[in-house]
Every structure is written in structure tokens, then in C-alpha cells.
Amino acid sequence: MRIGTGISYSGGFAESVADVVELEKAGLDVVFVPEAYSFDAVSQLGYLAAKTERVQLASGIFQIYTRTPTLTAMTAAGLDFVSDGRFILGLGASGPQVIEGFHGVKYDAPLGRTREIVDVCRQVWRRERVVHEGKHYTIPLPPEQGTGLGKPLKLINHPVRERIPVLLASIGPKNVALTAEIAEGWQPIFFHPEKAADVWGASLAEGKAKRDAALGELETFVTVALAIGEDVEPLLAHLRPVLALYIGGMGARGKNFYNDLACRYGYEAEAKQIQDLYLDGKKEEAAAAVPAELLRAISLVGPAGYVKERLAAFAEAGTTTLVVNPLQPGREARVAAVSQLRELID
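Residues numbered from 1 in each chain as written. Predicted model: local features only at pLDDT ≥ 70, side-chain atom pairs only at ≥ 80, totals over all residues. Heavy atoms only, no water.

- The protein goes by Oxidoreductase in an unreviewed UniProt entry, where it is assigned to Amycolatopsis mediterranei.

Structure (C-alpha cells):
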């Protein structure tokens, strides 16, 4: 099992890079750079490529609506080039609040768009003349829609790899099935290993039945909070506002993917209560309503023996990379946590 981590959405970039350099020495395998509606991830990934030697670099995530398919492919190829073949293209749909509210782009057809974008990317990386006639993207632009001067082009440069790994962030049944069909990697959120098969098993099986064998086995990247020690359980409280935000505030009633996931895990009443409180402006009360059982299940927080047991549960559920968020403050503590985890895994 590999170990990854992510850097912060905002602030402290120089400190985060210094952390990654030390974490790489401690056994870190991959680092994720988010985008959301903060600074772009591309410039930060390029900087990290220059400061690291071995660790893989992943976008976590590029939103599918904010770049053309060919620009996404060019960007991935460029990042793979400057990192000597260490880039992973993480893609996701984000949500309508960000896509329509910040980018002013209609949030529609995430599955269809994702499939077409991945197809175009792989054409670009193979240096084919890009021709794509899809429902959502047509390349080149038809003459009647433009000047008529567009023609199929291929990437000028030779990519380091003609198949850059594609990782899709997905949690809905259809999205997960698509991921298992076309992507090298899958990144769910709030992964509960004991309930993962019930929630996602059928979708994964559906997608894998259509999967091209050339893609290899699907890798699963699971984000977990991490703290190893005898007295670290109180640190779980730091996760309450995060889960309350996602379950309660990431969307309107009936349009919140994360609330739906909590319901599918069996927390229907709690999910409703969290959402009602959060949308009423009672954020602290919403955080307090997050079930402690859920916090423990999706985290690696506790004594070394307990964490080792939980590692076995995550491995049994198909996890191949743990994307850890060390809860103990300070670079020394974060590096120590990753080192401890590396020892428990090995």
C-alpha cells in the first residue's frame, strides 16, 4: 500500500513544499495539489516537480468544466514532462456552486463530458491528429460554427508517456461505474471500508466488466486523517467541521452528493440533522451532530496496534494508496506520522 498526502487549499505554500520534501524522504509516494477556487494547481505542481525527485504529483482535482479537453491533455503532458514522468491526472466534476458560481459555466452531463475528455486526452498523448465527434465536444470545430479554417492537429512535442494515469474523483453509482471502466485510478471521499462494498461494489463490478485490460487493475486512492499514538483520539474533533461542511453545506437539500453518501452509509437521520442545522447557520451544532462512529471509520487515528488493524480493513476493501492528512501540528510531527505509517505498512 502506498502513502500520499495533499497540500492545503490556501496559504502556507512554501511550508507545504518543505513538508513534501521531508515527507518524500520518509517514504511518501504521491502528493495531491487541489484547485477548487483557490490558486491554480498547475503552477504549484510545476514548482513541486522542481523541488522533488521521486514522489508522484497528482492534480486533486482539475475540474472537467474549466479547461478544454485538449488543454487538459496539454497541461497533463507538460506536467509529466517537467516531472520526468511522475504526473497523475486527477479529474472530477466538482459541483454547481463552484462551476456555475465561480466559473460561470453550466454544470451539466458530468459523465458524458468526463468520458469524452479522457478519450481526447489519450488521443493527444498518442500524438494522433485529434478528431472527436461527441455529444459535448467536437474537434475540430465544424466549419459552419466558426471560420472554417480549423483542421485536425497533433501535439507538437513528444510526451514522456503516451498514457498518463487518469484518476477520477467519484462517489455516485454511475460516476463510479464510469471510473472503473475508463480510468487507472479512483478517488472516493469519506471511504468507509466496512461499508464500501455495499455502497460501491455493484458500480465497480459494472465498470470493470467493460474495462480495457490494457488499463491494468484499478487503483483506489483513499483520503484519511492520520494520528498514531495513545492519546490522539481527541484530534478527531478537527474533522467534525469538515464533514459538517460537506454533508450539510455542499449543496442544497436534495442536491448534495456528500449528504447522499452519508445516507447510503446508513446515517439518514444524522445526515438530515446535520444539513438542517448547517443550512440554518448553526455550523457548530452541525459539527457536533457528526457521528463519532463515522469519524473513526474513515480515519487512521489511535494507537499503533489499532491503526494496524484499520490498515488491514482498508486493504481488504481494495485501498491501494492512502492519502493521509496528518492531524498533529508541526513538520516534525507530520513527518513522524508518515514514517510510523510506513513502518506499519511494511
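Additional details are given in the paragraphs that follow.
Looking at the pairing of strand E10 (residues 219–228)
- Of all 10 residues that make up E10, 8 are buried, and the element is covered over most of its length.
- Bridge count between strand E9 (residues 185–187) and E10: 2 bridges; the pairing is parallel. Paired with Gly185 across the two strands is Glu219, which belongs to E10.
- Following the chain from E9 across helix H7 (residues 196–208) to the adjacent parallel E10, one finds a crossover that is right-handed.
- As judged from the 6 bridges shared by E10 and strand E12 (residues 321–326), these two strands associate in the parallel manner. Directly across from Leu226, in E12, lies its bridge partner Pro326.
- With 3 bridges connecting them, E10 and strand E11 (residues 300–302) associate as parallel partners. Residue pairing for E11: Leu226 is matched across the bridge by Leu300. (Buried < 20%, exposed > 50% of the residue type's maximum accessible area, 1.4 Å probe, protein only. Helix = DSSP H or I, 4+ residues; strand = E, 2+ residues; numbered from the N terminus. Pairing = 2+ DSSP bridges. Right-handed = clockwise from strand over helix to strand, strands pointing away.)

Considerations on the domain arrangement of the protein
- Segmentation of the protein into domains returns domain 1 (1–227 + 298–343) and domain 2 (229–297).
- Here the C-alpha centroids of domain 1 and domain 2 sit 24 Å apart.
- Between domain 1 and domain 2, the residue contacts involve 27 residues of the former and 22 residues of the latter.
- One can count 0 salt bridges joining domain 1 with domain 2. (Domains from an automatic or database assignment. Contact = heavy atoms within 4.5 Å. Salt bridge = Lys/Arg side-chain N within 4 Å of Asp/Glu carboxyl O.)

Observations regarding the pattern of salt bridges
- On inspection of all chains with the given rule, the structure shows 19 salt bridges.
- Arg334 serves as the salt-bridge partner of Glu15, at 3.2 Å between the closest nitrogen and oxygen. Taken together, the residues Glu15 in helix H1 (residues 13–26) and Arg334 in helix H14 (residues 331–345) connect sequence positions 319 residues apart.
- Given the relative accessible area of 16%, Arg334 is considered buried.
- Three or more residues are tied together by salt bridges with common partners; here these are Glu15, Asp19, Arg331 and Arg334.

A short note on a nonpolar patch on the surface
- Together, Phe81, Val82 and Val160 make up a nonpolar patch on the protein surface, roughly 290 Å² of accessible area in all.
- Turning to its location among the elements, Val82 is positioned in helix H3 (residues 69–82).
- Assessed through its relative accessible area of 44%, Val82 is described here as partly exposed. (Patch = residues over 30% accessible without salt bridge, like charges linked within 9 Å, V, L, I, M, F, W, Y side chains within 5 Å. Areas by Shrake-Rupley, 256 points an atom, 1.4 Å probe, with all protein chains shown as cover.)

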